[in-house]
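Summary of the model geometry
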Amino acid sequence: MKTNNNILFVCLGNICRSPMAEAMMRTYLSDYKQLKDIAVDSAGLQQFHAGDAPDPRTMEVLRRNQISTSHQARVISANDFSHFKYIFTMDNNIHNEVLRRKPSDSICEVKLFRDFDPKPADHQVADPYYGTITDFENCFSILERCCLSFIEFLKTQ
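The sections below set out a description of the structure shown in this document. None of these values were measured; they are calculated from a predicted model.

This brings us to the overall build of the protein. The secondary structure content of the protein amounts to 5 helices and 4 strands. Taking 157 residues into account, the globule formula puts the C-alpha radius of gyration at 15 Å, and the protein, at 14 Å, falls close to it. Across its three principal axes, the protein shows a C-alpha extent of roughly 40 × 35 × 30 Å. Looking at the protein as a whole, 46% of its 157 residues are labelled buried. Taking all contacts inside the protein whose residues are at least 6 apart in sequence as the whole, residues at least 24 apart take part in 75%. Working note: accessible area of the protein is about 7,900 Å², and carbon and sulfur atoms make up 48% of it. Charged side chains in the protein number 18 positive and 20 negative. The centres of these two groups are separated by 4 Å.

What follows is the structure, given as structure tokens:
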């Protein structure tokens, strides 16, 4: 059953981009009483990190920004398409695969999260996994803009 405006973030392994976005969105939503009942989660397409904590660099960037998480990686499931109203993907490949897996009767909205970026240079959130801490910091900046923009969108609904 779809509940409110529940949000799911999806990336490849669910240890970098999507758990970072999940933790950020949950933290930012807590500032808005009218939005506090929105469930926020994240998942990956692949199970190679299932059960793992986020990448240490994800945790470091979140910690530096006073955001905490106790997330454990998981794989997107069929139930996610009925529980979440919004499924946000991090790049075109993830987006296309999520759309392929979406049941034909699902009314969830699958969108590239970067579509909410007020300063889009690209419609993808680059995967920082093979990069440096700077790549994770850049990812945080992009996700922060998108989270805050999406919250403004929700406030008008």
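Any two side chains of opposite charge can pair if their charged atoms end up close together. Following the criterion strictly, the structure yields 15 salt bridges and no others. Taking the shortest distance from any N to any O, the salt bridge between Arg74 and Asp41 comes out at 3.1 Å. Residue Arg74 is found in the loop between helix H2 (56-64) and helix H3 (80-83), and its partner Asp41 is found in strand E2 (residues 40-44); the two are separated by 33 residues along the sequence. For Arg74, a relative accessible area of 22% corresponds to the partly exposed category. Note that Glu60 and Arg63 form a salt bridge whose closest N and O atoms lie 2.7 Å from each other. Here the residue Glu60 and the residue Arg63 both occupy positions in helix H2, the gap between them amounting to 3 residues, near one helical turn. Among the ionic contacts, a cluster of salt bridges with common partners joins Glu60, Arg63, Arg64 and Glu137.

What follows concerns the sheet that holds strand E4 (residues 109-112). Hydrogen bonding along the main chain pairs the strands of a sheet, whether they run parallel or antiparallel. With respect to topology, 4 strands assemble into an open sheet ordered E2-E1-E3-E4, the strand pairing being parallel. Two strands bound the open sheet, and with one partner strand each, they are E2 and E4. Averaged over all pairs of adjacent strands, the angle between their axes in this sheet comes to 25°, without regard to strand direction. Where strand E3 (residues 86-89) lies against E4, 4 bridges are found, and the strand directions are parallel. Of the residues in E4, the one forming a bridge with Tyr86 is Glu109. Lying over the sheet, helix H4 (residues 92-101) contacts strand E1 (7-11), E3 and E4, oriented at roughly 170° with respect to E4. Packed onto the sheet, helix H5 (residues 133-155) meets E1 and E3 and runs at close to 160° relative to E3.

We now examine H5. For H5, spanning 23 residues, the distance from its first C-alpha to its last is 33 Å, which sits close to the expected 33 Å at 1.5 Å a residue. Within H5, burial applies to Phe136, Cys139, Phe140, Ile142, Leu143, Cys146, Cys147, Phe150, Ile151 and Leu154. If you follow the buried residues of H5, they end up packed against E1, helix H1 (17-29), H2 and E3.

Turning next to H1. End to end, H1 covers 18 Å across 13 residues, agreeing with the expected 18 Å (1.5 Å per residue, within 8%). Most of H1 is tucked away, with 11 of its 13 residues classed as buried. Among the residues of H1, Arg17, Ser18, Pro19, Met20, Ala21, Glu22, Ala23, Met24, Met25, Tyr28 and Leu29 are the ones counted as buried. Residues of H1 that are buried sit in contact with E1, E2, H2 and H5.

Here we take up the side chain of Ser106. Tracing the backbone shows Ser106 in the loop between H4 and E4. Exposure remark for Ser106: the relative accessible area of 13% places this residue in the buried category. Separated by 3.3 Å, the side chain of Ser106 and the backbone nitrogen of Cys108 make a polar contact.

Definitions and cut-offs
- Residues numbered from 1 in each chain as written.
- Predicted model: local features only at pLDDT ≥ 70, side-chain atom pairs only at ≥ 80, totals over all residues.
- Heavy atoms only, no water.
- Helix = DSSP H or I, 4+ residues; strand = E, 2+ residues; numbered from the N terminus.
- Rg over C-alpha atoms; globule rule 2.2 N^0.38 Å.
- Buried < 20%, exposed > 50% of the residue type's maximum accessible area, 1.4 Å probe, protein only.
- Contact = heavy atoms within 4.5 Å.
- Areas by Shrake-Rupley, 256 points an atom, 1.4 Å probe, with all protein chains shown as cover.
- Lys, Arg positive; Asp, Glu negative; His and termini not counted.
- Charge placed at Lys NZ, Arg CZ, Asp CG, Glu CD.
- Salt bridge = Lys/Arg side-chain N within 4 Å of Asp/Glu carboxyl O.
- Pairing = 2+ DSSP bridges.
- Axes fitted to C-alpha atoms, helices over the stretch in contact; angles between N-to-C directions.
- Expected span 1.5 Å × (residues − 1).
- Polar contact = N/O pair within 3.5 Å; in protein donor to acceptor, adjacent residues only side chain to side chain.

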